[in-house]
Amino acid sequence: MRASLVLLTFLLTVAALHSEANKEPAQDQVTPCCFSFSLRRIPFRFVKGYYWTTTQCPTPGVVFLTKHGKEICTNPSDDWVQQYIEQLDLQ
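Anyway, here's the lowdown on the structure attached to this text.

Calculation notes
- Residues numbered from 1 in each chain as written.
- Predicted model: local features only at pLDDT ≥ 70, side-chain atom pairs only at ≥ 80, totals over all residues.
- Heavy atoms only, no water.
- Helix = DSSP H or I, 4+ residues; strand = E, 2+ residues; numbered from the N terminus.
- Expected span 1.5 Å × (residues − 1).
- Buried < 20%, exposed > 50% of the residue type's maximum accessible area, 1.4 Å probe, protein only.
- Arc of directions from axis to C-beta.
- Contact = heavy atoms within 4.5 Å.
- Disulfide = S-S within 2.5 Å.

So, about helix α2 (residues 79–90). The α-helix advances 3.6 residues per turn, and as a result positions three or four apart in sequence lie on the same side. Taking 1.5 Å as the rise per residue, α2 with 12 residues should run 16 Å; its terminal C-alpha atoms sit 17 Å apart, in good agreement. Among all positions in α2, only W80, V81, Y84, I85 and L88 are buried. Seen from one end, α2 has its buried residues packed into an arc of 140 degrees, which puts them on one side. With respect to the buried face of α2, the exposed residues turned more than 90 degrees away are D79, E86 and L90. Close packing links the buried residues of α2 with β1 (47–52), β2 (62–66) and β3 (71–74).

Next up, the structure:
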């Protein structure tokens, strides 16, 4: 009986500590990498923002955020992508 009480206390303690650890937000936010790029130019009126992929990605990319909540990978060396970046930085 005493051994089962000790075991139950131990399991409850482990469960409590485990649930508290899961409540903490993640320190590292992972940004996706682009493995292919959109072949079509996105109309600028649909774009609300952008971000660069991290240097940990094998290929650099620019991800445009649309007003509809989509994220579209684009090639940063495309002229239209550079123009969109310049326009968004001015806003």
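Anyway, onward from the coordinates.
We now examine the state of the cysteines. Counted under the stated rule, the structure contains two disulfides. The side chain of C33 participates in a disulfide bridge whose partner is C57; the two sulfur atoms lie 2.0 Å from each other. Where C33 bonds to C57 through sulfur, the torsion about that S-S bond is close to -85 degrees, and the disulfide is left-handed. Here C33, found in the loop between α1 (2–23) and β1, pairs with C57, found in the loop between β1 and β2; they are 24 residues apart in sequence, far enough to count as distant. Residue classification places C33 among the partly exposed positions, given a relative accessible area of 25%.

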